[in-house]
Amino acid sequence: MLTMIREVCALGRAEFARPHTPDGDDAAQRELVRGMTADDPDGQPSDIKLSLDLLAPRAPYFDQGVLDAIATGHRQIVNVGAGYDDRALRFRHPEVTYFELDLPHIINDKQRRLAAMGADTSKLSLIPADLHTDNAADLLAGAHHDASRPSLFLGEHLLLFLDPDDVARLLDALSRRAAPGSTLAITAEVHPAGLDSPHVVDTVDEVMFGGAGPLRTIKSRDAWLTLLQGTGWKVDNTDEVTAVNHFELPVDGQPMLIQTQFLTATAQPRHTAG
C-alpha cells in the first residue's frame, strides 16, 4: 500500500504547474511517472483525483521551502521518504546536493526511471533505507552528507506511516546531522487536543481500513511541538497554524477532524555527528 501511496502522490504532482530553478527540469515529474499506474490492492489503477485536494496546498509549501533554502545558502537538501519526488531535478542548482532516503525497492525503481530519462544525477544521492531499523544519521554520514553545513530536511507525507517510536528516532537522527541554521519541514497528522493518540490511531485504522491500515502516528499539535523540542528542533510562531483538513470520522460517537499540518522548525544547538 505504501508503494501505491507514493505513486499516487507522484502522479498527482505531475498534474500541477510548478516552479523550477534556472538549471532545473520543469518536466521532470511527468517523465518520472511515465508508465506508472499506481495500482490498488485489487490490481486496478487508483483514482489520483482523490489526492489532488491534499496535494494542491502541500506541493507549493514544500516547493517554496526548497527555494527559500537555496536562496538563503543551504547547499544540502535531505528528502526523507522522497518516493518519486522530482525536486532534485526541478530545483537543480550547481552548488546544491540532494540526498533522498526511501525503501530499497522504491530507490531501485527510481534509479531505473532516472536512467531511462537520461537525468543528470551527479548532485543526487539515493539512499535505500528502512526507517524502522536503519539510523538515518548513519545512512547520511555514509552518503557523505556534511553535518557541519546547514541542510534543509524534508518529511512530506511520511511521519503518519511510521510508528511513534520510529518518528522520534528519525527526528532525533536528523537533528544530529543538522548544523546551526538547518531547517526541518514536515507534515504532521493532528487530532484535536484532549484525545488519546493511540486510541485515535486505532479508531482510524478500524473505521477506515478494517484493521489493516497504514497510518501509525497521529498526535495533538501540542504533542508534536513537544516531540520536536525534545528531539532538537524548535518551531517558531507556534500559534500560527498552516494546515489542510485531511479527513473526519467519529471517535467514541463524536466527530473528529484530522488535519495535515505543515510544521517548519530550526535546529537547536546540540552535538552533531561528524
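Scope of this entry: the structure provided in the associated data block. (Residues numbered from 1 in each chain as written. Predicted model: local features only at pLDDT ≥ 70, side-chain atom pairs only at ≥ 80, totals over all residues. Heavy atoms only, no water.)

Digging into the overall build of the protein chain
We apply this condition: Starting at the N terminus, helices and strands are each numbered in turn, a helix being any DSSP run of H or I of at least four residues and a strand any DSSP run of E of at least two. To sort residues, take the accessible area from a 1.4 Å probe on protein chains only and compare it with the maximum for the residue type: under 20% means buried, over 50% means exposed, and anything in between is partly exposed. We call two residues in contact when some of their heavy atoms are within 4.5 Å. Reported accessibility uses the Shrake-Rupley method at a 1.4 Å probe radius. Residues are deemed covered only where the shown protein chains occlude them.
The helix and strand inventory of the protein chain stands at nine helices and eight strands. In terms of its C-alpha atoms, the protein chain occupies a principal-axis envelope of roughly 55 × 45 × 35 Å. Every one of the 274 residues in the protein chain was classed for burial, and the buried ones make up 51%. Of the contacts formed within the protein chain by residues at least 6 apart in sequence, a portion of 75% connects residues at least 24 apart. Surface summary for the protein chain: the accessible area is close to 12300 Å², and the carbon and sulfur share equals 51%.

A closer look at the pattern of salt bridges
Threshold: Salt bridges are identified by distance alone: a Lys or Arg side-chain nitrogen within 4 Å of an Asp or Glu carboxyl oxygen.
This structure, assessed with the given rule, holds 19 salt bridges. Residue Asp102 is joined to Arg6 by a salt bridge in which the shortest nitrogen-to-oxygen separation is 2.8 Å. Taken together, the positions of Asp102 in strand 2 (residues 97-102) and Arg6 in helix 1 (residues 2-13) put the pair 96 residues apart, joining distant regions of the chain. Comparing Asp102 with Arg6 shows no difference in burial state: the two are buried. One salt bridge in this structure joins Asp63 and Arg87, with 2.7 Å as the shortest N-O distance.

Brief notes about helix 1
Heads up, the rule is: By this rule, a helix spans an expected 1.5 Å times one less than how many residues it contains.
The end-to-end C-alpha distance of helix 1 is 17 Å, a good match for the 16 Å that 12 residues give at a rise of 1.5 Å each. The complete set of buried residues in helix 1 reads Met4, Ile5, Arg6, Glu7, Val8, Cys9, Ala10, Leu11, Gly12 and Arg13.

Side note on the environment of His199
Put simply, the test is: Pairs of N or O atoms within 3.5 Å make up the polar contacts considered here, provided that, within protein, one atom can donate a hydrogen while the other can accept it, and that residues adjacent in sequence are counted only when both atoms are side-chain atoms.
Here His199 shows up in helix 8 (residues 197-209). Separated by 19 residues in sequence, His199 and Ile218 place their C-alpha atoms 9.8 Å apart. Excluding its chain neighbours within four sequence positions, the residues that come into contact with His199 are Val251 and Asp252. In this structure the side chain of His199 is engaged in a polar contact, spanning 3.1 Å, whose partner is the side chain of Asp252.

Looking at the layout of surface pockets
Heads up, the rule is: Lining residues are those with an atom within 4 Å of a point, where the points come from a 1 Å grid over the protein atoms alone and group into cavities, where a 1.4 Å probe fits but cannot get out, or pockets, open sets with protein on both sides within 12 Å along at least five of seven lines. Grid points are joined across faces, edges and corners, and a volume is the space filled by probe spheres set on the points. In the scheme used here, Gly and all other residues not listed as nonpolar or charged are polar, with Ala, Val, Leu, Ile, Met, Phe, Trp, Tyr, Cys and Pro taken as nonpolar and Asp, Glu, Lys and Arg as charged.
In this structure, the largest pocket spans a volume of roughly 570 Å³. Contributing to the lining of the largest pocket are 22 residues, with Met4, Ile5, Val8, His157 and His246 lying nearest its centre. Put simply, the parts of the chain that give the lining of the largest pocket at least two residues each are helix 1, helix 3 (49-71), helix 8 and strand 7 (243-251). With five residues, helix 3 is the single largest residue contributor to the lining of the largest pocket. Residue classes in the lining of the largest pocket are distributed as 16 nonpolar, four polar and two charged. Estimates place the volume of the second largest pocket at around 390 Å³. In terms of lining, the second largest pocket is formed by 28 residues, of which the most central are Leu2, Arg6, Leu158, Phe161 and Leu162. Mapped by element, the contributors of at least two residues to the lining of the second largest pocket are helix 1, strand 1 (76-80) and strand 2. No other element matches the five residues that helix 1 contributes to the lining of the second largest pocket. Split into classes, the residues belonging to the lining of the second largest pocket amount to 13 nonpolar, five polar and 10 charged.

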